[in-house]
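Secondary and tertiary structure notes
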Amino acid sequence: MTQSTGEWPSTVLAAETERFQERDVREMNVTAGTALADAIRTTLGPRGMDKMLVGDDGKVVVTNDGASILDRMDIEHPAAREIVQVAQSQHDRIGDGTTTAVIVAGELLTEAARLTEQGLHPTTIDAGYTRAVDLALSALDECTVPVDPADTELLEAIARTAITGKWSDREATAIVELVVEAAQAVERNGTVERRRITRTTIPGGSPTDSELVAGLAIDVDASSTTLASLDVDLPRRIEDAGVALIDDQLTVEKADAITRVSVENPTQLGQFADYEADVYEGQASGIADVGADIVFCQKSIDDDVRARLARHGVIAVERTRQDEMHKLARATGAGLVKRVDELTSDHVGRAGVVERRTLADTELVVVGECPDTEQRSLILRGGTAHVIDETKRLIENCLDDVTLAIERGAVVPGGGATEVAVAARLREAADGIAGREQLAVTAFADALESIPRTLAESAGLDPIDALVALRNRHADDEWRTGLDVDGGELADVVERGVVEPATIKRHAITSAAEATTVLVGIDDMLVATGEGDGEHDHGHDHDHGRGGVEATGGYPWAVGH
Ligand code: ADP
Ligand code: MG
């Protein structure tokens, strides 16, 4: 993971946020929202480095994900909260594109403020923005590149675009390959069955040591006794293994034993021990006799039973999680029995190979080559819990993007290309719109172009020059031309592998516009009920006094507006 140098962006963000918080709440919501969006834009940028942030709890958080930073900011202002919600909904529903959504929302607010100043009524802005969203969504549909789930190169490009700037090159390559391999393995008829990908995290090593195994990787360190402590040498690899699953504990019920044997003298104590040994042996041989080579038990296994099982050549794994039991059942075809004495050979599932592996201090059992071949396990590695968490999160991001691309069957060019193409369409359509609404549609186009401008800045290019060049290329119908940030130049970004699922853009545009119209709409309600100028196509008079209070219905932040 990259380390930021120089001044932590978070310091800037924290200062900006503080400045923002101190603003008079009576200020226009749009202005306040813009201030926050500006703060976010200058500190995050779509190609962020790791950012450090000190949370309320005093904990230092290093992240480069817009949403998790916003999540930790103590945001009070309603306009800011609206923006935060844009980020959250983008993050929760789509998993990527949070920075884009926030930047666009901020720019839409800035534009709305400008239009209001020019004398546009908020309802006109609202209508224009709504129209622009419709136009933008249909323009998006025309900028797509179809996705073939078998096209590994394209899928890897999607995954790589999702994590640009968030990893070192070596780490990115390793992760991208894992994610794509996993997604392709569980893809059937255009659907990525994510539930077939399990994740196991094992501390130690680096993210590049992470791997994908065919089958299920079960962490057996969680059990109280590890396999290593046994006196018998169990095989590390068993081929064509029988798998038994028991939802019970393998032990002697003491109460049960006491009703059968009353311990009053040394002889009876011996009898008790004999009885116990009989039960243990019965359990162990019962499991071995039905043809199991490995038994997973949802509860505990008495050490004695474990040792006896080992002598029968059966690996015993205790306290396997319930969800893992079900996955094992599905993968191997084993039947889960409630009690050990119910186990028959019919319940035994199959695995082409069962392997015991040791990674760092963790013992793993990998159950592979199962009849249900689609199961995959990601084994995630990292030196610290923090690195592992970050790895996990970024892998989820990557998987989200690859899944969306496969399931919706379309990607769009990244690097600002799509935003420039859509903006051009909006301007074209705006020409045909009569009345002031036209201005709002054009403003929407300008707001979208904040994405290529921001990207140009992070690539060290002049944002204006870059934008002008981009517009020219798009005017020549080069709709795939965007900024290749790595090369620091304009290029056919599809060729360069900078592509994103179309759904990311659809959602970002829609939710950014919705948040803006909510905020612009609040002002509208207030203006409409204010004293005097409700008739005018003119927005704001800060001396409306209390006129608007009642009209805010549920929007307490507008008090005194
Ligand atoms: P985040 O995931 O940090 O919240 P977004 O996903 O909203 O940010 O935005 C990332 C932007 O970076 C997208 O516009 C994407 O096209 C762009 N991008 C990613 N990789 C590259 C690249 N190599 N060159 C140019 N642009 C890139
Ligand atoms: Mg992203």
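Up top is the structure.
Definitions and cut-offs
Residues numbered from 1 in each chain as written. Chains lettered and ligands numbered in written order. Predicted model: local features only at pLDDT ≥ 70, side-chain atom pairs only at ≥ 80, totals over all residues. Heavy atoms only, no water. Phe/Tyr/Trp six-rings, centres within 6.5 Å; stacked < 30°, edge-to-face > 60°. Helix = DSSP H or I, 4+ residues; strand = E, 2+ residues; numbered from the N terminus. Buried < 20%, exposed > 50% of the residue type's maximum accessible area, 1.4 Å probe, protein only. Near = heavy atom within 4 Å. Polar contact = N/O pair within 3.5 Å; in protein donor to acceptor, adjacent residues only side chain to side chain. Areas by Shrake-Rupley, 256 points an atom, 1.4 Å probe, with all protein chains shown as cover. Nonpolar A, V, L, I, M, F, W, Y, C, P; charged D, E, K, R; others polar. Pairing = 2+ DSSP bridges.

What to know about the packing of aromatic side chains
All chains considered together, the criterion is met by one aromatic pair. Ring centres of Tyr129 and Phe444 lie 5.4 Å apart, and the angle between their planes is 80°; this geometry places the pair in the edge-to-face category. Of this pair, Tyr129 sits in helix 6 (residues 122-141) while Phe444 sits in helix 15 (residues 437-448), placing them 315 residues apart in sequence. Side by side, Tyr129 and Phe444 carry an identical accessibility label, which is buried.

Looking at the site of ligand 1
Close to ligand 1 lie 19 residues, the nearest being Thr99, Thr100, Thr164, Gly415 and Glu500. Here Asp96 contributes a side-chain N or O atom positioned 2.9 Å from an oxygen atom of ligand 1. Here an oxygen atom of ligand 1 and a side-chain polar atom of Thr98 are 2.9 Å apart. When ligand 1 sits alone it has 580 Å² of accessible area, and the protein chains cover 96% of it. Of all the elements in the fold, those that place two or more residues in the shell around ligand 1 are helix 5 (98-117) and strand 17 (481-484). Ranked by the residues each element gives to the shell around ligand 1, the list is headed by helix 5, at three residues. For the shell around ligand 1, the class distribution of residues is five nonpolar, eight polar and six charged.

Examining the pairing of strand 14 (residues 362-368)
With seven of seven residues buried, strand 14 is to be regarded as a mostly interior element. Going residue by residue along strand 14, you find Thr362, Leu364, Val366 and Gly368 tucked away on one face and Glu363, Val365 and Val367 tucked away on the opposite face as well. Note that strand 8 (residues 216-219) and strand 14 share four bridges and pair antiparallel. Looking at the pairing, Asp219 lines up with Leu364 of strand 14. A loop of two residues connects strand 13 (residues 349-359) with strand 14, the two strands running antiparallel in sequence, and Ala360 in this loop sits at a positive phi of about 50°.

Looking at the pairing of strand 18 (residues 489-492)
With four bridges joining them, strand 17 and strand 18 adopt antiparallel strand pairing. For Gly482, the partnering residue across the bridge sits in strand 18 and is Ala491. Taken together, strand 17 and the strand that follows it, strand 18, pair antiparallel across an intervening segment of four residues, in which Gly488 is found at a positive phi of about 65°.

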